[in-house]
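Residues per chain are reported as follows:
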Amino acid sequence: MVQKNKTCQWCIIENEFKPEDNYVNETLFALGNGYLGVRGNFEEGYDGPKGTGLEGTYINGFYDSEVIKYGEIAYGYAEKSQTMLNVTDGKVIKLYIEDEEFSMLSGEILAYERSLDFKEGILKRNIIWKSPKGKEVRISVERLVSFNRKHIVAIQYEVTPINFSGSIKIVSALDGEVTNLTTENDPRVGAGFKGRVLSVEDKRLANTSGALVQRTKNTRFLLACAMQHQLKADSYSIDCIEDELKVSVAFNIQAEKNKSIILDKYIAYTTSKDFKEEEVLVKAESEVSAAMLCGFEKLKEEQKEFLHEFWYRTDIQIEGDDSLQQGIRFNMFQLLQSAGRDGKTNIAAKGLTGEGYEGHYFWDTEIYILPFFLYTNPEISRKLLEYRYNILPKARDRARVMSHKKGALYAWRTIDGEECSAYYPAGTAQYHINADIAFAVKRYMEATEDRDFLINFGAEILVETARLFADLGEFIESKDNKFCINEVTGPDEYSALVNNNCYTNLLARENLSYAYEVVLWLRDNEKEYYDKLVEKLELKEEEMELWKKAASNMYIPYNEKLKIHPQDDSFLDRKPWDFANTPKENYPLLMHYHPLVIYRHQVCKQADLVLAEVLLSHKFSLEQKKMDYDFYEKLTTHDSSLSTCIFSIAACEIGYYDKAYEYFINTARMDLDNTHGNSKDGIHAANMAGTWMCLVNGFGGVKIYNDKLSIAPYIPDHWEKYSFRISYRNRLIKISVDKKGTSYKLLEGDSITILEREKEILLS
Ligand code: BGC
């Protein structure tokens, strides 16, 4: 297990290698840059017991798809899967000491340390290995996935003979024999493909450079992986070896005792999703040459500079709890590694660290992860929203399949925009994703006032999502002619296909009224863009009137007797789950009970109504939030990793500080401590961003309300002091909270007035 090193606040360290911890640690030591992700696998490979490891290199948004096979099909079911592919393994470096091959599982490991430093962005491994025949070598490996050069991975591999002089062979390869994981008993991992879907189309191998060109089976995307090397050694020869699916360069070195041999390996990945077919290989080769020209040391410097800027805008400090400090920085670092930032890709639920959820993007981005970027690195949040704009055509197609005459319906889970959820009750039925995206546009605008985004991208998203809700809902007579939204699933996946999910209705109301407001604003302030929008979308005034009417007559379930908001129309008609007689090992419930059994009960997988009240906090009284919290907390299993952070924020707001802290702890180290037991399949990206929200929106009490940034800080007893930074309307503000009070520092931008609780504070 990764050391809970109390002193290391900027890194994670492993001091002992244990096969049973390997699978999870491959996730924790994964590197990525939003485009490429490489699991923390060893360069030489790993041959441990079955089920204790997974080799994985991923490219965000690079997938293959297959026709989904249903036992029974119905109209409109998702047709094809999309699975992020495990691509060419470029990190392969095998080491032979005379005739003995180095492996972590043979001979003796005399010293070992693996670390990942969040300021450097370098994965390091230092080993002293004694071969079965008694030869000792020191091996030091450094690996980076470049933040500045999105196609580049680089490895520095250093070997020093300790007790001998003799022959050493280093074989560096690009291995095209890669497949995705296949599991059939965990719906969260996905079945994947049977066998290899990447065929080799072309190979290059000359001197110390090589390349493999591969093609996906069904999507027909092209992928190139190129490598180049620089070896620092006195005397050596080179062999080029070509196999059916692999190209390798072998360096045969006459090594001398105590003299280091250093191999620098540069690897570049490019695909036809970014370049024209004929350019794919050329680009990989030119990228890899440029990286080699730059050199490993310079790449390391670039990495450091990039991260310096990132932490300057992002860092959170907690004094008084080192393990939390480590957890929160680890989470922020992983989020940075996960976020696609080219407008064509997004953030997979597991980042680029594993194959859980097949590399799909969910609402996790807009409701959980986007706020983190919005208030730290707003340009990344804009790119995430541009992705949603770019898949609007697919969302329109989906809306037509679902019989909506107008508007767009975003896929519940997808890579390229098409619906990929094969289980529609917890997939397509989650129409709230439309409102979540619209809500993210609203939050983005509040925090940035980015007019250019609104007129070019945001307004269209708002119109198309609002149209969809206008078409979906109906004024129902038996509900006092209120606007009702029937047969949907809310965020809580332990209830499905319900009428009037309260969360959905509340967020749809926001969607409708904000779309109305924005279109009017365009009409009055940006006539040219307004005219273009009206023409492009054939927008009619009656439609807008309908949005307004639907929003102001939205049906919001409420139970007068209990004084709570029922999660949906039938929630209170169900029997409460028998928690007292549910054994611990039966959680998560989804792995032990048929969905129907779960749907029949009052039981929640995750925050649903409580989440709505966190997002729309100012629309509910404190008393109401408390009533709802008390009611739902008892019924929530937190089987989804998206839950505890929201309960922490809600608890903070209503003054349940001990609970808030407890939920926060559970959130902050979820992957480092593998508390959900499935970090091997990848990080829980939404939860990681949830940590940030707990601290900033929960303890920090940060909200944007009435066009002002407002803060209501609380400091948990266990801490001496904490501080965080917020990017807001071209300002960078540092907020520090200790037992005596709160202080502010305007690090960038013009002076601004903010609110601390009711009090106005001028920052200049
Ligand atoms: C949660 C969803 C979430 C998905 C991906 C599921 O377990 O219930 O809300 O979008 O995981 O993280």
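Computed from a predicted model, the values in this text were never measured in an experiment. (Residues numbered from 1 in each chain as written. Predicted model: local features only at pLDDT ≥ 70, side-chain atom pairs only at ≥ 80, totals over all residues. Heavy atoms only, no water.)

Asks: Tell me about the overall build of the chain, and please be specific about residues and values.
Replies: Looking only at helices and strands, the chain features 18 helices and 30 strands. Against the globule reference of 27 Å for 764 residues, the chain gives a C-alpha radius of gyration of 27 Å, in line with a compact fold. The burial tally for the chain puts 62% of its 764 residues in the buried class. For the chain, the share of sequence-separated contacts (at least 6 apart) that also reach a separation of at least 24 residues comes to 68%. The positive charge centre, built from 95 side chains, and the negative charge centre, built from 118, are 1 Å apart in the chain. (Helix = DSSP H or I, 4+ residues; strand = E, 2+ residues; numbered from the N terminus. Rg over C-alpha atoms; globule rule 2.2 N^0.38 Å. Buried < 20%, exposed > 50% of the residue type's maximum accessible area, 1.4 Å probe, protein only. Contact = heavy atoms within 4.5 Å. Lys, Arg positive; Asp, Glu negative; His and termini not counted. Charge placed at Lys NZ, Arg CZ, Asp CG, Glu CD.)

Asks: How would you explain the nonpolar core if you had to name every residue and give the values?
Replies: Ranked by internal contacts, the top residues of the largest apolar core, which has 220 residues, are W363, Y368, W547, L695, W719 and I726. It is helix α9 (residues 451-472) that contributes the most residues to this core, 13 residues altogether. Setting aside residues up to four positions removed in sequence, W363 forms contacts with Y368, R388, W412, H432, I433, D436, P491, Y503, Q606, L611 and L642. Residues I152, A211, V213 and A284 belong to the second largest nonpolar core, which totals 21 residues. (Core = buried A, V, L, I, M, F, W, Y, C linked by side-chain atoms within 4.5 Å.)

Asks: Pulling in residues and values, what's your account of the domain arrangement of the chain?
Replies: With domains assigned, the chain is organised as domain 1 (6-280), domain 2 (322-699) and domain 3 (700-764). Contacts between domain 1 and domain 2 engage 53 residues on the former and 53 residues on the latter. Buried area between domain 1 and domain 2, summed over both chains or domains, comes out near 4400 Å², and the portion from carbon and sulfur atoms is 55%. Summed over the shared surface of domain 1 and domain 2, the number is three salt bridges. Residue D342 pairs with K150 through a salt bridge whose shortest N-O separation is 3.5 Å. (Domains from an automatic or database assignment. Buried area = accessible area lost by both parts, 1.4 Å probe. Salt bridge = Lys/Arg side-chain N within 4 Å of Asp/Glu carboxyl O.)

Asks: A description of the site of the ligand should follow, citing residues and the corresponding values.
Replies: The immediate surroundings of the ligand are formed by A349, Y357, F362, W363, D364, W412, E493, K605, Q606, S640 and L642. Starting from 310 Å² of accessible surface for the ligand in isolation, the protein chains cover 94%. The residue inventory of the shell around the ligand, partitioned by class, reads six nonpolar, two polar and three charged. (Near = heavy atom within 4 Å. Areas by Shrake-Rupley, 256 points an atom, 1.4 Å probe, with all protein chains shown as cover. Nonpolar A, V, L, I, M, F, W, Y, C, P; charged D, E, K, R; others polar.)

Asks: I'd love a proper account of the pairing of strand β25 (residues 708-711), names of residues and values included.
Replies: Examined bridge by bridge, strand β24 (residues 703-705) and β25 share three bridges and lie antiparallel to one another. Looking at β25, one finds that I704 is bridged to L709. Following β24, the chain reverses through two residues before pairing antiparallel with β25; N706 in that reversal takes a positive phi of roughly 55 degrees. Across two bridges, β25 lies against strand β29 (residues 752-756) in parallel orientation. Bridge pairing links S710 to L755 in β29. (Pairing = 2+ DSSP bridges.)

Asks: Residue-level account of the state of the cysteines, with values.
Replies: This structure, assessed with the given rule, holds one disulfide. The disulfide partner of C8 is C11, and the S-S distance across this bridge is 1.6 Å. The exposure class assigned to C8 is buried, which follows from its relative accessible area of 10%. Accessibility expressed as a relative area gives 11% for C11, which makes it buried. In this model C294 remains outside any disulfide bridge; the closest cysteine sulfur is found in C225, 19 Å from its own. (Disulfide = S-S within 2.5 Å.)

Asks: Tell me about the packing of aromatic side chains, and please be specific about residues and values.
Replies: Inspection of the entire model under this criterion finds 43 aromatic pairs. Aromatic side chains Y63 and F221 sit 5.2 Å apart centroid to centroid with 85 degrees between the ring planes, which places their arrangement in the edge-to-face category. Taken together, the positions of Y63 in strand β4 (residues 57-64) and F221 in the loop between β14 (209-216) and β15 (222-232) put the pair 158 residues apart, joining distant regions of the chain. Grouping residues by exposure puts Y63 and F221 together as buried. Ring plane angle 45 degrees and centroid distance 6.5 Å describe the contact between Y661 and F699, whose orientation is recorded as tilted. (Phe/Tyr/Trp six-rings, centres within 6.5 Å; stacked < 30°, edge-to-face > 60°.)

Asks: Tell me about helix α7 (residues 392-401), and name the residues and values.
Replies: Listed in full, the buried residues belonging to α7 are L392, A395, R396, R398 and A399. Around the axis of α7, the buried residues are gathered within 160 degrees of arc, so they sit on the same side. Against the buried residues of α7 lie α6 (378-390), α9 and α11 (527-537). Downstream of α7 by one or two residues, S403 has phi in the positive range, about 65 degrees. (Arc of directions from axis to C-beta.)

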